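So you can see what is in the structure, the chains are spelled out below.
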Amino acid sequence: LFFFDKKNGKLIIDRKELISSILQFRIFWGLIILLISTFFVPILLNTFFSSNYGFEIFFIAFLSSFFIQTMYQSIEIFRLLLKPVQYMIFIIIHSALIFFFVLFLIYFYDSGIKGIFLGTFLSSFIVCIISWYSNRRFILIKDIYYNLWPKLLMFGAPLMPTGVCLFLMSTADRWFVRYYHGEIQLGIFAVGA
């Protein structure tokens, strides 16, 4: 909405300021959530997992999520600019790199579940850097545009229940597989998915 909202032939909010504001918001709150999530890893381990997974696996998973979200913002710019080819290229590169890194780490280094998270992190990090470099003309780093954060939050707040429902729908299968069949079958299912 903000990306295309015009008044008298001019953009109400400069696109560079808007994109920079969203990026700054994601980085600021993403790092805070990353730190909080990492702090609660021992509780997560004791509550949800019977195996003795290492702390680093969860940190890599949280870090991977951070870069995935930041990467998708950059890729979405291509979609908003009506450039579907660039949008699809980055999506395909991201998926191909995940496939390559995960298979490489599991096959050659026998890294198991850690290889899955590490491969996803490496792919997301690489594509995030390249996609933001491709969209660097939209990034303003001279100021912090926190004045736009309330508008963005008010715009996005009604979408939060939908986001939560989509998250539950996309992860519920894994909780059922783990509950009824165990963690080994869950790992096989997750790799296949």
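One can find the structure itself at the top, above this paragraph.
Note that this is a predicted model, so its numbers are computed, not measured.

Residues Phe67, Ile75 and Trp132 are the most contacted members of the largest nonpolar core, which totals 18 residues. Among the secondary structure elements, those contributing two or more residues to this core are α1 (15–39), α3 (55–80), α4 (84–109) and α5 (112–134). Broken down by element, this core gets its largest block of residues, eight residues, from α3. If we skip the residues at most four places from it in the chain, Ile75 touches Tyr87, Phe90, Ile91, Val127 and Ser131.

Attention now moves to unusual backbone geometry. One non-glycine residue, Leu82, lies in the positive phi region at around 60°. Assignment of secondary structure puts Leu82 in the loop between α3 and α4. Leu82 sits in the exposed class, given a relative accessible area of 70%.

This part covers the side chain of Ser20. Inspection of the secondary structure assignment puts Ser20 in helix α1. Polar contacts involving the side chain of Ser20 include one to the main-chain amide nitrogen of Leu140, which spans 2.7 Å. If sequence neighbours within four positions are ignored, Ser20 has contacts with Phe138, Ile139, Leu140 and Tyr145.

A cluster of basic residues, Lys16, Lys83, Arg136 and Arg137, forms a positive patch on the protein surface. The residue Arg136 is located in the loop between α5 and α6 (149–156) in this model.

Here we come to the packing of α4 against α5. One can describe the packing of α4 onto α5 by two numbers: an axis separation of 8 Å at closest approach and a directional angle of 150°. As the angle between them shows, α4 and α5 are arranged roughly antiparallel. For the pair α4 and α5, the crossing hand works out as right-handed. When grouped by side-chain class, the residues that make up the contact of α4 with α5 number 14 nonpolar, nine polar and no charged.

The next thing to look at is the packing of aromatic side chains. For the structure shown, the criterion picks out 18 aromatic pairs. When the centroid spacing of 5.7 Å and the interplanar angle of 65° are considered together, the rings of Phe104 and Tyr109 count as edge-to-face. The class of Phe104 is partly exposed, set by a relative accessible area of 32%. For Tyr109, a relative accessible area of 58% puts it in the exposed group. The ring of Tyr133 has Arg136 sitting right over it, with the charged end atom 4.1 Å from the ring centre.

How each quantity is defined
Within every chain, residues take consecutive numbers counted from 1 along the sequence as written. For a predicted model such as this one, the threshold for reporting local features is a pLDDT of at least 70, and the threshold for listing and counting side-chain atom pairs is 80 or more; totals across whole chains, interfaces and linings nevertheless cover every residue. The side-chain numbers reported here are obtained from all heavy atoms of the structure, hydrogens and water having been left aside. To qualify as a nonpolar core, a set must consist of buried Ala, Val, Leu, Ile, Met, Phe, Trp, Tyr and Cys residues joined through side-chain atoms within 4.5 Å. Residue exposure (1.4 Å probe, protein chains only): buried if accessible area is under 20% of the type maximum, exposed if over 50%, otherwise partly exposed. Numbering of helices and strands runs from the N terminus, with a helix taken as a DSSP run of H or I at least four residues long and a strand as a DSSP run of E at least two residues long. A contact between two residues is defined here by any heavy atoms of the two lying within 4.5 Å. Counting of polar contacts relies on pairs of N or O atoms within 3.5 Å, with two restrictions inside protein: one atom must be capable of donating a hydrogen and the other of accepting it, and residues adjacent in sequence are counted only when both atoms are side-chain atoms. Every patch collects residues that have over 30% relative accessible area and no salt bridge, joining them within 9 Å if they carry like charges and within 5 Å if they are nonpolar side chains (Val, Leu, Ile, Met, Phe, Trp, Tyr). Each accessible area is a Shrake-Rupley estimate made with a 1.4 Å probe; only the visible protein chains count as cover when residues are assessed. What counts as a salt bridge is simple: a side-chain nitrogen of Lys or Arg found within 4 Å of a carboxyl oxygen of Asp or Glu. In this charge count, Lys and Arg are treated as positive and Asp and Glu as negative; neither His nor the chain ends contribute. For this purpose, a charge sits on NZ of Lys, CZ of Arg, CG of Asp or CD of Glu. Fitted lines through C-alpha atoms serve as axes, helices being fitted only where they are in contact, and the angles separating the N-to-C directions of these axes extend from 0 to 180 degrees. Roughly parallel here means an angle under 35 degrees, roughly antiparallel means over 145, roughly perpendicular means 65 to 115, and every remaining angle is called oblique. For any helix crossing, the convention is left-handed if the near helix is rotated counterclockwise from the far helix by under a right angle, and right-handed if that rotation is clockwise. When residue character is reported, Ala, Val, Leu, Ile, Met, Phe, Trp, Tyr, Cys and Pro are called nonpolar, Asp, Glu, Lys and Arg charged, and the others, Gly included, polar. Stacked, tilted and edge-to-face are the three classes applied to pairs of Phe, Tyr and Trp rings, where Trp contributes its six-membered ring and a pair requires centres within 6.5 Å; stacked means planes under 30 degrees apart, edge-to-face means over 60, and tilted covers the rest. Criterion for a charge above a ring: Lys NZ or Arg CZ within 6 Å of the ring centre, and within 35 degrees of the ring normal.

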